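What follows is the residue order along each chain.
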Amino acid sequence: MGPAARLLCLLLPLPGSLLGLSAGQGLGLGRRPPPQSGPEGWGLGGGRRLLSLELLEEAEDLSLALLGTGLPGQLPPGCRELLVGFANSSVRLTGCLVRSARPVRLCQSCYRHFQSVTEQLENITRAVGNSSESNCAKSLLMSDRVQLVVILSQFFNSTWKTANCANCLKNNSEGLSNSTIDFLDLFNTTLMCFERNFQGQAINFVPSNHTEVCRNCSQTYRNLNALYNKMQKMTGQGSDSEHRTPLCIDVEDAMNITRRLWSRTFNCSVPCSDTVPVIAVSSFILFLPVIFYLSSFLHSKQKKRILILPNRIQSNASLVNIQEKYS
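What you see is a predicted model; the values in this text were computed from it and never measured.

Right, let's get into helix α3 (residues 77-99). With 23 residues, α3 extends 33 Å between its outermost C-alpha atoms, agreeing within 8% with the 33 Å of an ideal straight helix rising 1.5 Å per residue. Among the residues of α3, C79, G85, F86, S89, S90, L93, C96 and L97 are the ones counted as buried.

Counted at 1.5 Å a residue, the expected span for helix α7 (residues 178-198) with its 21 residues is 30 Å, and the 30 Å between its end C-alpha atoms agrees. Residues T180, F183, L184, F187, T190, C193, F194, N197 and F198 constitute the buried set of α7. Each element contacted by the buried residues of α7 is listed here: α4 (106-125), α8 (211-216), α9 (218-234) and α10 (249-265).

In this section: the packing of aromatic side chains. All chains considered together, the criterion is met by seven aromatic pairs. Plain terms: the ring middles of F114 and W160 are 4.4 Å apart, the flat faces sit at 5 degrees to each other, and that makes the pair stacked. Pair noted here: F114 is in helix α4 and W160 is in helix α6 (residues 148-162), with a separation of 46 residues, a long-range link. Both residues of the pair, F114 and W160, belong to the buried class. Arranged with centres 4.5 Å apart and planes meeting at 10 degrees, the rings of Y221 and W262 form a pair that is stacked. Taken as a pair, Y221 in helix α9 and W262 in helix α10 lie far apart in primary sequence, 41 residues in all. Residue Y221 shares its accessibility class with W262, and that shared class is buried. By the ring-pair criterion, three or more aromatic residues cluster together here, those being F194, F198, Y221, W262 and F266.

The next thing to look at is the pattern of salt bridges. Scanning the model with the defined rule gives two salt bridges in all. Among the salt bridges present, the one from D253 reaches R102, with a minimum N-O distance of 2.8 Å. Separated by 151 residues along the polypeptide, D253 in helix α10 and R102 in the loop between α3 and α4 bring together distant segments of the chain. Given the relative accessible area of 56%, R102 is considered exposed. Across the pair R215 and E212 runs a salt bridge, and its minimum N-O distance is 2.9 Å. Taken together, the residues R215 and E212, both in helix α8 and three residues apart, mark about one turn of the helix. Using a relative accessible area of 49% as the deciding quantity, one classes R215 as partly exposed. Of the residues examined, E212 reaches a relative accessible area of 34% and is grouped as partly exposed.

Okay, unusual backbone geometry next. A cis amide bond links R102 to the next residue, P103, at an omega of -10 degrees. Tracing the sequence through the fold places P103 in the loop between α3 and α4. Backbone geometry at Q147 places phi at a positive 55 degrees, although glycine is not the residue there. Among the secondary structure elements, Q147 is positioned in the loop between α5 (131-141) and α6. Judged by its relative accessible area of 26%, Q147 falls in the partly exposed class. Here the phi dihedral of N267 falls at roughly 55 degrees; this positive angle occurs in a residue that is not glycine. Within the secondary structure layout, N267 lies in the loop between α10 and α11 (275-299). When its relative accessible area of 43% is taken as the criterion, N267 is described as partly exposed.

What counts as what
Numbering of residues starts from 1 in every chain and runs along the sequence as written. Where local features are concerned, this predicted model is filtered to residues with pLDDT of at least 70; where side-chain atom pairs are given and counted, the filter is 80 or more; whole-chain, interface and lining totals use all residues. Note that water and hydrogens are dropped before the side-chain values are worked out from all heavy atoms of the structure. What counts as a helix is a DSSP run of H or I of at least four residues, what counts as a strand is a run of E of at least two, and both are numbered from the N terminus. Multiplying 1.5 Å by the residue count of a helix minus one yields the expected span of that helix. A simple rule labels every residue: compare its accessible area, found with a 1.4 Å probe on the protein chains alone, to the largest value its type can have, and call it buried under 20%, exposed over 50%, or partly exposed in between. Whether two residues touch is decided by their heavy atoms; if any such pair falls within 4.5 Å, the residues are in contact. Put simply, two rings from Phe, Tyr or Trp (the six-membered ring, in Trp's case) pair if the centres are within 6.5 Å, and we call them stacked under 30 degrees between planes, edge-to-face over 60, tilted for the rest. For this document, the term salt bridge refers to a Lys or Arg side-chain nitrogen within 4 Å of an Asp or Glu carboxyl oxygen.

That's the geometry; what it means functionally is another story.
Below, the structure is given as structure tokens:
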């Protein structure tokens, strides 16, 4: 017989004074009936009180045992600890994602929290192998149709994959990659250059030509743009547009901010270094037909027309004279 059944059986024969427990009275605070006058009443009341105290002590022991065992659906202490650990790490990661939404700093700010959530979920799923812990994993992951733990883990993984944060981190996700660190340092240097050369000028939202910014920050901006293009080639983004792997959202957003400030806010432009060779080749191709026809005209041999006069047939008179001469 289980503890709950035993407790119910003990509560049924209790006297009316103990039925006040169901109305919210304590175990030791139930109203006692007034003692009856006379020896019989005293003996009967004393026996009832002794029986009630014994039943109360046993009922209290069984209730404590029942609370220690747990009601159906409650988690054991070890499983509860795993759930609390996952909940705390999820709260920290969610707060970090929201705070890093604009400007986008998801990967560089939240990778430690994401790794903590991943480890907590692995601790829960790793419990499937053991008989005592398998019930904990099933209770947390497969006990109901909502499956909040699974939904939260899928949301975090989907967000992390959509942001392509793996391209900003090392292989073991213990920190930012060297190329990402170099890019962020150069990005901060570029923004500091913009701010330093922008001070003292009129602040407006109409794009205008800021000469100081364009002249003093041109080399820094070109270096940042070159590093970004190099990182794109490293990930294969520039080779095939259909199967390319985008950079992480932190790097892309930082480059978009820099280009927007450079072209729209400051109205700057970077002159192309290949302008002179392109103009030279274009001019050569343009004048190539002229050179060809001119050289053909100068070096061609002019053929003179030679007129060949045909022999005319002599008249009959001359022929008669010739015949008479030879005759």
